[in-house]
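# An overview of the molecular structure
Each chain, letter by letter, is given below.
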Amino acid sequence: MGEPRCLQAECAFRPGAHTVRVALARTTLRVEVEAHGTADLWRGEFDATFIEDLTRKTGNFKQFGIFCSMLESALTQSSESVSLELLTYTDLETLHSRKVGAITRPPPSSSSPLNTKRYLILIYSVEFDRIHYPLPLPYAGRPDLVALVRELQEQLAQLRAQRRWAGRGAGRVGAPLGRDRDCRMPSEPFSSPSQLAQAKASEQRLQLRVKNLTAELASYRRGRQKSASPAPRPQERRSSSLESHRSSRGHPSPRSPSPAGSRPPRFDPTAFVRARQRRQKEAELRK
């Protein structure tokens, strides 16, 4: 297998809406999960040995290729036997305790790296049993807003071009299953009207996301410009000192004209994040 084959899907987990990106190579699996509300990223890379050891510990061994096929089916929702869930370390411990009937351990401290991890769970449902394959994903921070907007705009342009080509019937076109930041678009055609409709829905979601992120970036830049107030000039400092001296000796200082407008408020990162999350929820409700 040459270039990694990349898949992307929008998943509604219990913590909220997330984007899951997967890159499949011959002996390597890369997984990235992005939260829609906060743009937080969790990312992990696994080789064939790790995956096969993981499946062996569950008592239901799967070869690396079979495991990747199951993960792909869960992303595309092409099989009812497999599904995905996103859990924290505490959720995973609670699930394990219920399964074996043990006492639940206390949650890790807020400073523990376990507290920031997420676990993408591949659930394999068979008759009378459910097997959970947890993929640990360390926290990878948040992407740069400028780079993220640029990348989404590129994806949107590619998706629009694919739809135009598909509408004209111009040969094979790349399917909008998404792309990883280090991968090329997979070369599969829109083989049915349902895939074309799915591409149109993906385009609309990308348009909305680009619009929201562009507005957030502009708001963030305005806040930084307002918070960067210039230092007083030497003449202004001398005038202020002179007024203070006159006031201390009982001489009223001459009244100066009031400045036009009040001083702009300083940029509040907490308020910016809350406003961003509120706009994201409103956008999801409108969608």
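Quick caveat, the model's predicted, so the values are computed rather than measured.

### Quick look at the overall build of the protein
In terms of regular secondary structure, the protein is built from 8 helices and 8 strands. For the protein, the residues scored as buried account for 34% of the 287 residues in total. Within the protein, counting contacts between residues at least 6 apart in sequence, those at least 24 apart form 56% of the total. Of the roughly 18,300 Å² of accessible surface on the protein, a fraction of 50% belongs to carbon and sulfur atoms.

### Some thoughts on the pairing of strand E7 (residues 129-137)
Across 9 bridges, strand E6 (residues 118-126) lies against E7 in antiparallel orientation. Within the sheet, the bridge partner assigned to Ile 121 lies in E7 and is Pro 134. Where E6 folds back onto E7 in an antiparallel hairpin, the turn is made up of 2 residues, including Phe 128, whose phi is positive at roughly 65°.

### A few points about the sheet that holds strand E1 (residues 5-13)
Taken in spatial order, the 5 strands make up an open sheet running E1-E2-E3-E4-E8, and their pairing is antiparallel. Of all strands in the sheet, those bounded by a partner on one side alone are E1 and strand E8 (139-141). With direction set aside, neighbouring strand axes in the sheet form an average angle of 25°. Packing against the sheet, helix H1 (residues 48-57) makes contact with strand E3 (28-35) and strand E4 (41-47), and its axis sits at approximately 95° to E4. Lying over the sheet, helix H2 (residues 64-76) contacts E1, strand E2 (16-24), E3 and E4, oriented at roughly 145° with respect to E2.

### Some words on the nonpolar core
Here is a general trend for soluble globular proteins: nonpolar side chains tend to be buried in one another's company. Ranked by size, the top nonpolar core spans 33 residues in total, and within it Leu 29, Val 31, Leu 120, Leu 122 and Leu 135 carry the most contacts. Ranked by residues supplied to this core, first place goes to H2 with 7 residues. Aside from chain neighbours lying at most four places away, what touches Leu 122 is Phe 67, Met 70, Leu 71, Ala 74, Val 82, Ser 83, Leu 84, Ile 131, His 132 and Tyr 133. One finds Leu 148, Leu 152, Leu 159 and Val 210 within the second-largest nonpolar core, a separate group that totals 8 residues.

### Observations concerning the sheet that holds E7
Pairing is antiparallel across the open sheet formed by 3 strands, whose spatial order is E5-E6-E7. Each edge of the sheet is formed by a strand with only one pairing partner; in this case those strands are strand E5 (82-87) and E7. When the angles between neighbouring strand axes are averaged without regard to direction, this sheet yields 25°. Both E5 and E6 contribute to a ladder of 6 bridges, which runs antiparallel. In the strand pairing of E6, Leu 86 is matched with Leu 120. Where H2 meets the sheet, it contacts E5, E6 and E7, and its direction lies at approximately 85° from that of E5.

### Some points on the pairing of E2
The element E2 is extensively covered by neighbouring structure, given that 7 of its 9 residues are classed as buried. The sheet contact formed by E1 and E2 spans 9 bridges and is antiparallel. Paired with Cys 6 across the two strands is Ala 23, which belongs to E2. As paired elements, E2 and E3 share 7 bridges and run antiparallel to each other. When the bridges of E3 are listed, His 18 appears paired with Ala 35. Here E2 folds back onto E3, and the loop between the two strands holds 3 residues.

Quick notes on the rules
- Residues numbered from 1 in each chain as written.
- Predicted model: local features only at pLDDT ≥ 70, side-chain atom pairs only at ≥ 80, totals over all residues.
- Heavy atoms only, no water.
- Helix = DSSP H or I, 4+ residues; strand = E, 2+ residues; numbered from the N terminus.
- Buried < 20%, exposed > 50% of the residue type's maximum accessible area, 1.4 Å probe, protein only.
- Contact = heavy atoms within 4.5 Å.
- Areas by Shrake-Rupley, 256 points an atom, 1.4 Å probe, with all protein chains shown as cover.
- Pairing = 2+ DSSP bridges.
- Axes fitted to C-alpha atoms, helices over the stretch in contact; angles between N-to-C directions.
- Core = buried A, V, L, I, M, F, W, Y, C linked by side-chain atoms within 4.5 Å.

Purely spatial values, then, with no claim about function.
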